[in-house]
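Analysis of the macromolecular model
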Amino acid sequence: MNMTKRLLLALAVALLAPAARAEIPAEQDGCLGCHGSDPSMSMDLPGGEKLPLHVDQASFAKSVHGDMLRCTDCHTDKGDYPHESKPFKTRRDVTVAYYEQCKKCHFSNYTKTLDGVHFQLAEKGNRQAALCVDCHGSHAIGRPGEPRTRVSATCSNCHKKVFDVYSGSVHGKAVTQGNADVPVCTDCHRAHDVADPRAGALSLRTAEICGRCHTDPKLMKRYGLSTNVVETYLADFHGMAASLQKGKKDKGDRLAAGCTDCHGVHDIQRPNDPRSSVMQGNLVKTCGKCHEGASADFPKAWMSHYEPSLKKSPLVWSVQVFYYVLIPFILISLVLQIALHLWRVVVNR
Amino acid sequence: MSEAAVRSEAGFLVRFSAAQRVEHFITMIDFVGLVATGLPQKFYTTGWARWMIGAMGGIDSVRWVHRFFGIVLIVAVLWHAAGALKAILSRRVGFSMAVNKRDFTDAVKTLRYYLGLEDHPAAFDRYDYKQKWEYWSLMIGNVIMILSGLTLMYPAVVARIGPGEIIPAAKVAHSNEGLMAFLVITIWHIFNAHLHPDVFPFDASIFTGKISRERMEHEHPLELARVEGREPDGHGHGHGHGHG
């Protein structure tokens with residue numbers, strides 16, 4: 001063999017090698033011989049549903065698992081042919097029986113779901129509660145949150161009503177326009193350990209949740225929004241009470257207002273939008289939710305996230321300045337007089 | 001609060017009546033209660049405040065306890081004001097806390113004495129200018145605290161009567177006035193009633209009601225002379241070293 005032939009062979013190997021790697025591990029089980037050919041392949045379940053049995057090889061190959069998992073890595077009981085028969089009545093039975101396969105590799109996210117509201121519901125026997133594959137899909141799993149709009153779309157499969165409200169909000173509208181700055185469902189609710197919002201625990205944490213974006217100077221500058229909103233909230237009654245009540249879960253307690261209690265939850269609008277609950281004309285009604293008998297002037301009790309200033313709230317500002325001058329003046333005078341007095345006592349001795 | 005001291009057993013005079021002593025005692029306990037439940041609310045982000053609020057059963061119960069002490073303060077102030085009014089109206093006893101021109105000259109004289117420009121401090125009557133200052137500061141302070149406290153307790157009612165901006169202004173006033181009262185009491189009252197060289201370690205007269213003739217001669221010579229029906233001494237002072 002001469003040099004030229006050797007070189008050609010090396011080149012051929014180098015060129016063919018990537019093509020050989022493109023063959024996905026799933027093919028090595030030979031499952032796709034049956035499950036990869038006929039798109040209408042299915043099985044009738046006793047419940048009357050059809051269980052599709054076709055796997056689209058191309059979409060699985062593109063998925064995050066395409067180049068690393070074999071079929072039997074998840075379908076652990078399907079190693080032998082003919083497959084062992086299982087007593088599934090419905091498609092949901094199949095999903096419930098197989099979803100725990102994910103935890104072998106994704107253990108930390110699986111344990112997080114144990115704290116989530118979906119798992120709590122599933123544990124109580126609600127079979128519709130979301131399992132891994134309900135959100136992530138099964139064979140065509142993509143990277144989560146790519147694109148971000150997909151997240152809220154996924155939740156909308158079950159939470160349609162809330163999704164529609166959200167889509168009309170200032171955040172939701174921006175998402176549909178492809179804006180990646182605004183929150184999607186999981187940014188506030190989290191993904192795996194979704195808290196039950198009904199107990200009020202989430203509303204007490206809104207300063208922290210909303211504050212993640214609304215105190216970020218770079219982000220807020222893009223929209224001309226103040227980053228002072230959380231600080232001014234915490235400086236007032238609501239913020240103090242809410243942050244001290246945070247650990248509490250008893251429903252009987254009167255809980256202090258969090259961000260969402262005034263601004264709305266899924267239906268948040270700009271404060272100058274006529275639909276906004278914090279738009280000037282709607283404030284009396286919004287305050288009245290907690291403050292019985294709130295009158296037309298009552299909303300002025302709240303300084304709308306402004307620091308007291310001569311221009312915005314002259315009375316509050318004046319009182320503040322008065323004490324900033326008076327307290328040091330009084331204290332210095334008293335201490336000075338005590339010091340002089342003691343000095344005189346010492347001198348006289 | 002208005003009558004003069006009367007002779008008691010040998011060497012002692014009665015300075016405060018039983019009612020006055022009870023009033024002081026209630027005010028003292030109430031003040032501690034208000035400070036203990038109020039300051040942690042003002043400084044709620046600090047560790048000690050969080051610990052105190054937790055120890056008192058959480059923010060909701062701290063607020064209720066604070067309101068309870070606040071109502072006690074309102075009753076105490078009204079009670080005191082009624083007593084003062086009665087004293088002013090009766091001709092027999094005057095209102096000895098009234099500020100007069102002499103208090104200002106006393107203050108100047110005493111300060112000059114501290115600076116070494118005067119041989120003796122001023123001679124005082126029943127209440128010296130420092131006691132009057134503390135009394136009126138706390139009286140005005142109490143009125144501010146009560147009005148701003150009620151505003152914060154009933155914001156919706158207040159906003160129906162006046163502008164809504166009163167409510168955040170009341171919060172600023174309540175919070176600062178409260179802090180100032182706490183600081184004035186810890187610095188000034190504790191110095192005068194405990195650390196003062198003449199009374200150290202403890203001026204008990206507001207609890208026992210009694211004061212020694214020696215101290216009267218020293219601290220309130222004008223009142224003593226009046227009680228004993230004689231003219232005060234030339235400089236109204238019995239001792240070489242001073243006290244104001």
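About the thresholds
- Residues numbered from 1 in each chain as written.
- Chains lettered and ligands numbered in written order.
- Predicted model: local features only at pLDDT ≥ 70, side-chain atom pairs only at ≥ 80, totals over all residues.
- Helix = DSSP H or I, 4+ residues; strand = E, 2+ residues; numbered from the N terminus.
- Rg over C-alpha atoms; globule rule 2.2 N^0.38 Å.
- Core = buried A, V, L, I, M, F, W, Y, C linked by C-beta atoms within 7 Å.
- Buried ≥ 20, exposed ≤ 12 C-beta atoms within 10 Å, placed from the backbone.
- Contact = placed C-beta atoms within 7 Å.
- pLDDT = per-residue confidence, 0-100.
- Axes fitted to C-alpha atoms, helices over the stretch in contact; angles between N-to-C directions.
- Parallel < 35°, antiparallel > 145°, perpendicular 65-115°, else oblique.
- Left-handed = near helix turned anticlockwise from the far one by under 90°.
- Nonpolar A, V, L, I, M, F, W, Y, C, P; charged D, E, K, R; others polar.

Secondary structure summary: chain A contains 20 helices and 2 strands in total. The C-alpha radius of gyration computed for chain A amounts to 31 Å, which surpasses the reference 20 Å derived for 349 residues by more than 25%, pointing to a less compact arrangement than a globule. Seen through its principal axes, chain A has C-alpha atoms that stretch 115 × 65 × 45 Å.

Put simply, Tyr81(A) and Pro82(A) share a cis peptide bond, and its omega is 0°. In this structure, Pro82(A) sits in the loop between α4 (71–74) and α5 (91–98). Going from Phe200(B) to Pro201(B), the amide bond is cis rather than trans, its omega being 5°. The topology assignment puts Pro201(B) in the loop between α7 (166–195) and α8 (205–208). Non-glycine residue Ser304(A) carries a positive phi angle of around 50°. Take Ser304(A): it is sitting in the loop between α19 (283–288) and α20 (314–348). Phi at His305(A) takes a positive value of approximately 65°, unusual for a residue other than glycine.

Grouped together as the largest cluster of nonpolar side chains are 35 residues, with contacts concentrated most on Ala207(A), Ile167(B), Ala169(B) and Ala170(B). No other element matches α7(B), which puts 6 residues into this core. The contacts of Ala170(B), once residues within four sequence positions are left out, are Ser148(B), Thr151(B) and Leu152(B).

A few words on the environment of Gly211(A). Residues and elements named next belong to chain A. By secondary structure assignment, the location of Gly211 is in helix α14 (residues 206–214). On the basis of neighbour counts, which here come to 18 C-beta atoms within 10 Å, the residue Gly211 falls in the partly exposed class. Here the alpha-carbon distance between Gly211 and Asp93, two residues 118 residues apart in the chain, equals 41 Å.

With that settled, the discussion passes to the confidence of the model for chain B. All names here are of chain B. Across chain B, pLDDT averages 86, with 89% of residues at or above 70. Here strand β1 (residues 6–7) stands out as the least confident element of chain B, with mean pLDDT 66; helix α1 (residues 18–42) is the most confident, with 95. In this model residues 236–244 is a low-confidence stretch, pLDDT under 50, and it forms 26 contacts with partners more than four residues away in sequence or in other chains. Here the predicted complex scores 0.79 on pTM and 0.86 on ipTM.

Bringing the packing of helix α3 (residues 59–89) of chain B against helix α5 (residues 129–153) of chain B into the picture now. Residues and elements named next belong to chain B. Between α3 and α5, the least distance of the axes is 11 Å, while the angle of their chain directions is 135°. Judged by the inter-axis angle, α3 sits oblique to α5. Helix-helix and strand crossings are classified by hand; for α3 and α5 the assignment is left-handed. Facing Arg67, Gly70, Leu73, Ile74 and Val77 of α3, the residues of α5 in contact are Asn142, Ile146, Gly149 and Met153. Counted by class, the contact of α3 with α5 contains 5 nonpolar, 3 polar and 1 charged residues.

As a further point, take the packing of α1(B) against α7(B). Residue and element names in this part refer to chain B. Two elements in contact, α1 and α7, have axes whose closest approach is 10 Å; the angle formed by their N-to-C orientations is 130°. In this view, α1 runs oblique relative to α7, as classed from their interaxial angle. The hand of the α1/α7 crossing is left-handed. Contacts between α1 and α7 pair Phe31, Val35, Gly38, Leu39 and Lys42 from the former with Ser175, Gly178, Leu179, Phe182 and Ile185 from the latter. Grouping the amino acids of the contact of α1 with α7 by side-chain chemistry returns 6 nonpolar, 3 polar and 1 charged.

Once that is clear, we can look at the confidence of the model for chain A. Of all residues in chain A, 90% have pLDDT values of 70 or greater, and the mean over the chain is 86. Low pLDDT, under 50, characterises residues 17–22 of chain A; the predicted model gives this stretch 0 contacts beyond four residues in sequence or across chains.

Here we take up the interface of chain A and chain B. Across the boundary between the two partners, chain A contributes 33 residues, which contact 31 residues of chain B. Mapped onto the side of chain A that touches chain B, the elements with two or more residues apiece are α17 (237–245) and α20 of chain A. Here the element with the most residues in the side of chain A that touches chain B is α20(A); it accounts for 16 residues.

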